[in-house]
Amino acid sequence: MTEEPPLRAELAQLGGPRLLVVVLLGALVNAATFAGITFLAPVVTGTAGLGELWISVALVLFGVGSFIGVTVAGRLSDQRPDLVLTTGGPLLLIGWPALAVLADRPVALLVLVFLQGALSFAVGSTLITRILYEAAGAPTMAGSYATAALNIGAAVGPLIAATTLTTAVGDLGPLWVSGLLIAVGLLIAVPLRTVVMAGRGSEVLR
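Quick look at the structure, then. Here, residues in each chain are numbered from 1, in the same order as that chain's written sequence. Where totals are concerned, whole chains, interfaces and linings use all residues; where local detail is concerned, this predicted model gives features only for residues with pLDDT of at least 70, and gives and counts side-chain atom pairs only at 80 or more. As a rule here, side-chain values cover all heavy atoms of the structure and leave hydrogens and water aside.

## Topic: the pattern of salt bridges
Part 1 of the argument: Counted as salt bridges are all cases of a side-chain nitrogen of Lys or Arg within 4 Å of a carboxyl oxygen of Asp or Glu. Going through the model one piece at a time under the given rule, you end up with one salt bridge.
Part 2 of the argument: D82 serves as the salt-bridge partner of R80, at 3.2 Å between the closest nitrogen and oxygen.
Part 3 of the argument: For every residue, the accessible area (1.4 Å probe, protein chains only) is compared with the maximum for its type, and the residue is labelled buried under 20%, exposed over 50%, or partly exposed between those bounds. For D82, a relative accessible area of 21% corresponds to the partly exposed category.

Shown next, in the form of structure tokens:
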């Protein structure tokens, strides 16, 4: 029977460069997701000029997209995280600003909401997988590291987005914030690609 590492040893895993990078990226992607989706209602009823019923439709589309994204990523993130992240990351960067620009066109808005849901959760769930792999030396704490990254993102993203509502961009501000957060994530991820994509047993930055 293998003895589990003591708590101090598990907490020490957070000092690992690879783990810190993927935790930060997970927080940024989730911050972008919640920055945009939290303030979607006024975009639907204001910018797109749709009735209140369409808020629920948009959220359902986002949810269906999220389910599809997690399902697809679940088949790929274990063995091919590079495919999910190098494809999904740039598409997210394009998608959030596109949503802001095309928000006054109802069909484009709804399609993009669906796609952003799929991409956000595909990329986000893949980063969760990376966190769990990198925290393999902390078997009782690994899940909490992933949860902390997601919760931090879910809290910080809307806070940042809210500051834009009284600016010139108004209701579209949160969508631009989402794009900015993804851009920051890519600026971190691209030069550290070998760190983010490293599989189990890789010794990059160990």
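## Section: the packing of aromatic side chains
Part 1 of the argument: Put simply, two rings from Phe, Tyr or Trp (the six-membered ring, in Trp's case) pair if the centres are within 6.5 Å, and we call them stacked under 30 degrees between planes, edge-to-face over 60, tilted for the rest. Throughout the structure, instances matching the rule amount to one aromatic pair.
Part 2 of the argument: Residues F62 and F121 carry aromatic rings whose centres are separated by 6.1 Å and whose planes lie at 80° to one another, so their mutual orientation is edge-to-face. Taken as a pair, F62 in helix α4 (residues 53-76) and F121 in helix α6 (residues 106-134) lie far apart in primary sequence, 59 residues in all.
Part 3 of the argument: Judged by relative accessible area, F62 falls into the buried class, the value being 8%. In this text, helices come from DSSP runs of H or I with a minimum length of four residues, and strands from runs of E with a minimum of two, each type numbered from the N-terminal end.

## Some points on a nonpolar patch on the surface
Part 1 of the argument: What makes a patch is a set of residues exposed beyond 30% relative accessible area and free of salt bridges, joined within 9 Å when like-charged and within 5 Å when nonpolar (Val, Leu, Ile, Met, Phe, Trp, Tyr). Using a 1.4 Å probe, the Shrake-Rupley method yields the accessible areas, and only the shown protein chains count as cover for residues. Together, V60, V64, F67, I68 and V72 give the surface a local cluster of nonpolar side chains, amounting to about 440 Å² of exposed area.
Part 2 of the argument: Tracing the backbone shows V72 in helix α4.
Part 3 of the argument: Owing to a relative accessible area of 43%, V72 belongs among the partly exposed residues under this scheme.

## Considering helix α8 (residues 173-189)
Part 1 of the argument: Here α8 contains 17 residues, and its C-alpha end-to-end distance of 24 Å stays within 8% of the 24 Å for a straight helix at 1.5 Å per residue.
Part 2 of the argument: Buried within α8 are the following residues: G173, P174, L175, V177, S178, G179, L181, I182, G185, L186 and A189. Expected helix span is taken as 1.5 Å per residue step, with the number of steps being one fewer than the number of residues.

## Regarding the packing of helix α5 (residues 81-101) against α8
Part 1 of the argument: Relative to each other, α5 and α8 sit at 160°, their axes nearing to 8 Å. The pairing of α5 with α8 is recorded here as roughly antiparallel in orientation. Judged by the twist between their axes, the crossing of α5 over α8 is left-handed. Contacts between α5 and α8 pair G89, P90, L92, L93, W96, P97, L99, A100 and V101 from the former with L175, W176, S178, G179, I182, A183 and L186 from the latter.
Part 2 of the argument: Each residue belonging to the contact of α5 with α8 can be placed in one class, and the counts come to 13 nonpolar, three polar and no charged. Note on definitions: angles span 0 to 180 degrees between N-to-C directions of axes, and those axes are lines fitted to C-alpha atoms, for helices only across the stretch in contact. Geometric relationships in this document are graded by angle, where less than 35 degrees denotes roughly parallel, more than 145 denotes roughly antiparallel, 65 to 115 denotes roughly perpendicular, and other angles denote oblique. By definition, any crossing whose near helix is turned counterclockwise from its far helix by less than a right angle is left-handed, and any crossing with a clockwise turn is right-handed. Residue contacts are defined here by distance: any two heavy atoms, one from each residue, within 4.5 Å place the two residues in contact. Under this grouping Gly is polar, as are all residues other than the nonpolar Ala, Val, Leu, Ile, Met, Phe, Trp, Tyr, Cys and Pro and the charged Asp, Glu, Lys and Arg.

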